[in-house]
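# Inside the fold
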Amino acid sequence: MGTWLTFSTCFVLSLSLSVDCKHMRDLSPLNKLPKVDVYAKGLKDRIPPISNADTKVRPIIYMHGIFGKADEKNFACQYIPSVVPGAVVYALDMFNGAESALNLDYQLEYIMPAMQKIMDNHTDTGVTLLCYSQGGVICRGVVQMLSTHNVHTFIALSSPLAGQFGVTGFVRHFTGLMNRSSLWEFWYSELGRWISVGDYWNDPHHQGEFSDPSKDIFLARLNNQTGHSQSQEYKKNFLKLEKLVMIGGPDDTVITPWQSAQLGFYNQNETVLPFEKQPWYSSDEFGLRTLNEANKVVRHTVAGVNHIYWYRNQKVFDCCVLPYIS
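Read on for an overview of the structure. What you see as residue numbers is a count from 1 along each chain, following the sequence as written. Local features in this predicted model are restricted to residues of pLDDT 70 or higher, and side-chain atom pairs are both shown and tallied only at a pLDDT of 80 or more, whereas totals for entire chains, interfaces and linings draw on every residue. The basis for every side-chain value is the complete set of non-hydrogen atoms in the structure, without hydrogens or water.

Assigned secondary structure in the protein consists of 11 helices and 10 strands. With 326 residues in all, the protein has 56% of them scored as buried. Residues count as neighbours in contact if any of their non-hydrogen atoms are within 4.5 Å of one another. Sequence separation of at least 24 residues holds for 70% of the intrachain contacts in the protein that already meet a minimum separation of 6. We get accessible surface area from the Shrake-Rupley algorithm with a probe of 1.4 Å; when it comes to residues, only the shown protein chains can shield them. As presented, the protein carries roughly 13,000 Å² of accessible surface, and 51% of it is formed by carbon and sulfur atoms. Helix and strand definitions here come from DSSP, where helices need a minimum of 4 consecutive H or I residues and strands a minimum of 2 consecutive E residues; each element is numbered from the N-terminal end. The buried label goes to any residue with under 20% of its type's maximum accessible area, the exposed label to any with over 50%, and the partly exposed label to all in between, with areas taken from a 1.4 Å probe on protein chains only.

Now the structure itself:
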């Protein structure tokens, strides 16, 4: 069983539970990844009953990025409470390191119940999701797939919300120096889709494969591009947000294109278009147009920030995070 590590008013979820492997696809070469150890049952009993009614600061759930390290938790657990009086921060200590490369649907089987237990403890205020890199894609999944969520504000720190189409550092862990033009064959294969990157690899030249219902690409499903049966539920859940804050910048060097952090992406000519010109926007497939027209969507662009510094850059925190959590 896991333990609680407490830093000021921050709670790190270090959870443990054996995985029911009969629900897993054949991992083949991925079977060298460590077995996932996650515990969700009874979580509510281990969350201190804290009310934020007096401080008026919504509790924050922090979701780390791919190959997440302890210093991300230090930011969430130590720095935020030190500058935001009364802030309660929950840093999910789940799917760390190599485990974060597992299929996102699989991760969400455990992350969603864990987040729900936290949300159930804060029904008076709702919660803020603060999510970095791949964690933003996971949090987008929570917002759209968890019908009982009470997320008020979703802050995405340089997350590939509209997908990834670049062979940058974290992608090379899986593909080496393969040319990106042929990578769709791997990422959209059965094996590729068991790696988290395959869940949001978005090849603008192979949109038919990306949105193929039989492949069930995670990001295409969130975009409601696959015609799945829960599309209206996903949209309804997304529209429960009161604020969507998307943060990115041109010097990121990892998220490709960097505008994906603001739901912009390439067209077939590899020209980057903002979300207002994406095919799923005009038809309001998952509710972004409705949210945007209600002035609930904010985009922040910050130059000079490399990908690994987004969650620990003072300028980014002061201008783009602090106003939405205090």
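Checked against the element boundaries, E209 lands in helix α6 (residues 207-210). As for E209 and S189, which are separated by 20 residues in sequence, their C-alpha atoms are 10.0 Å apart. Among all residues touching E209, those that are not within four sequence positions of it are W184, Y188, K215 and I217.

Okay, the packing of aromatic side chains next. Stacked, tilted and edge-to-face pairs are distinguished by plane angle, under 30 degrees for stacked and over 60 for edge-to-face with tilted covering the rest, among Phe, Tyr and Trp rings (Trp via its six-membered ring) whose centres lie within 6.5 Å. Here the structure, examined in full by the defined rule, presents 19 aromatic pairs. Measuring from ring centre to ring centre gives 6.5 Å for F75 and Y79, while their planes differ by 20°; the resulting arrangement is stacked. Highlighted residues: F75 and Y79, both in helix α1 (residues 70-83), separated by four residues, approximately one helical turn. On the basis of relative accessible area, F75 is assigned to the buried category, the value being 8%.

For helix α3 (residues 134-145), built from 12 residues, the straight-helix expectation of 16 Å at 1.5 Å per residue is met to within 8% by its first-to-last C-alpha distance of 17 Å. Most of α3 sits inside the fold, with 11 of its 12 residues counted as buried. Every buried residue belonging to α3 is among Q134, G135, G136, V137, I138, C139, R140, G141, V142, V143 and Q144, and all of these are buried. Looking at the buried positions of α3, the neighbouring elements they touch are β3 (60-63), α2 (104-120), β5 (127-132), β6 (151-157), α7 (218-222) and α8 (231-238). Helix span, expected: 1.5 Å multiplied by one less than the number of residues in the helix.

None of this, on its own, says anything about what the molecule does.
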